[in-house]
Amino acid sequence: MFFQIAGAVLGAVGQMQQARAAATASDQRARQMKIDREVGKIQARQQQTARQEQYFDDLAANEAYFAFNRDVGGDMSVEAFLNREKDPMRQDISRMGFQSSMEASSRATSALVESERAKNSLVAGRLNAMTTLAYGIAQAQRTAASASGGGKF
């Protein structure tokens, strides 16, 4: 009977340790997801900056080319061309910002789900441990009852 209760206690302790380990792993994954979200935001800003720099480099090259062939300030077709070049850059930067926001939102949601998984692991571990203890006590009572001819523990 002692060994039944001791076994139940050891089983419950093991289940709690397993639940804590699962919760710790989930917490670590959630933290990593939050870090990844911030890294993604930084990368998106860097890409936006690089796109703007590319636009300004291209603009300077176009203006230099047109300066040899046309009057940049007075030629309407050159002015229209240069203005039209702004739209793709703005669209690219807007698209990058939107994509970054969506990815950050997705990572934030995943991190919250992972945090909840950690809490659920602990609850499940406690319930399993209590069930193991209850089962061990019930077995010990059955053993005591059968050993004493029907008496209770």
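Just so it is clear, the structure is predicted and the values come from calculations on it, not from any experiment.

**Student:** When you look at the packing of aromatic side chains in this model, what are you seeing that I'm missing?
**Tutor:** The relation between two aromatic rings is expressed through the spacing of the ring centres and the mutual angle of the planes. According to the stated counting rule, one finds 1 aromatic pair in the structure shown. Ring geometry for Tyr-55 and Phe-56: centres 5.2 Å apart, planes at 65°, overall edge-to-face. On the basis of relative accessibility, which here comes to 7%, the residue Tyr-55 falls in the buried class. Relative accessible area serves as the criterion here: at 48%, Phe-56 is assigned to the partly exposed category.

**Student:** Any chance you could explain the pattern of salt bridges here in plain terms?
**Tutor:** It is possible for side chains of opposite charge to pair when their charged atoms get near one another. A complete count under the given rule lists 7 salt bridges for this structure. In this structure, Lys-41 engages Glu-38 in a salt bridge whose closest nitrogen and oxygen atoms are separated by 3.6 Å. One end of the pair, Lys-41, and the other, Glu-38, are both in helix 1 (residues 2–69), 3 residues apart, so they sit about a helical turn from each other. Glu-38 sits in the partly exposed class, given a relative accessible area of 35%. In this structure, Asp-92 and Arg-51 form a salt bridge, with 2.7 Å as the shortest nitrogen-oxygen distance. Taken together, the residues span a long stretch of sequence, with Asp-92 in helix 3 (residues 86–147) and Arg-51 in helix 1 at a distance of 41 residues. One salt-bridge network, in which partners are shared between bridges, spans Arg-29, Glu-114 and Arg-117.

**Student:** Help me out: how do you make sense of the side chain of Ser-26 in this one?
**Tutor:** Summarising the element assignment, Ser-26 is placed in helix 1. In this structure Ser-26 comes out as buried when scored by relative accessible area, which is 2%. Among the polar contacts made by the side chain of Ser-26, one reaches the side chain of Arg-29 at a distance of 3.1 Å. Once you skip the residues sitting within four places of it in the chain, Ser-26 turns out to touch Glu-114, Arg-117 and Ala-118.

**Student:** I'm lost on the environment of Asn-83 in this one. Help?
**Tutor:** Tracing the backbone through its elements, the reader meets Asn-83 in helix 2 (residues 76–84). Between the C-alpha atom of Asn-83 and that of Ala-6, which follows or precedes it by 77 residues, the distance is 81 Å.

How each quantity is defined
Residues numbered from 1 in each chain as written. Predicted model: local features only at pLDDT ≥ 70, side-chain atom pairs only at ≥ 80, totals over all residues. Heavy atoms only, no water. Phe/Tyr/Trp six-rings, centres within 6.5 Å; stacked < 30°, edge-to-face > 60°. Buried < 20%, exposed > 50% of the residue type's maximum accessible area, 1.4 Å probe, protein only. Salt bridge = Lys/Arg side-chain N within 4 Å of Asp/Glu carboxyl O. Helix = DSSP H or I, 4+ residues; strand = E, 2+ residues; numbered from the N terminus. Polar contact = N/O pair within 3.5 Å; in protein donor to acceptor, adjacent residues only side chain to side chain. Contact = heavy atoms within 4.5 Å.

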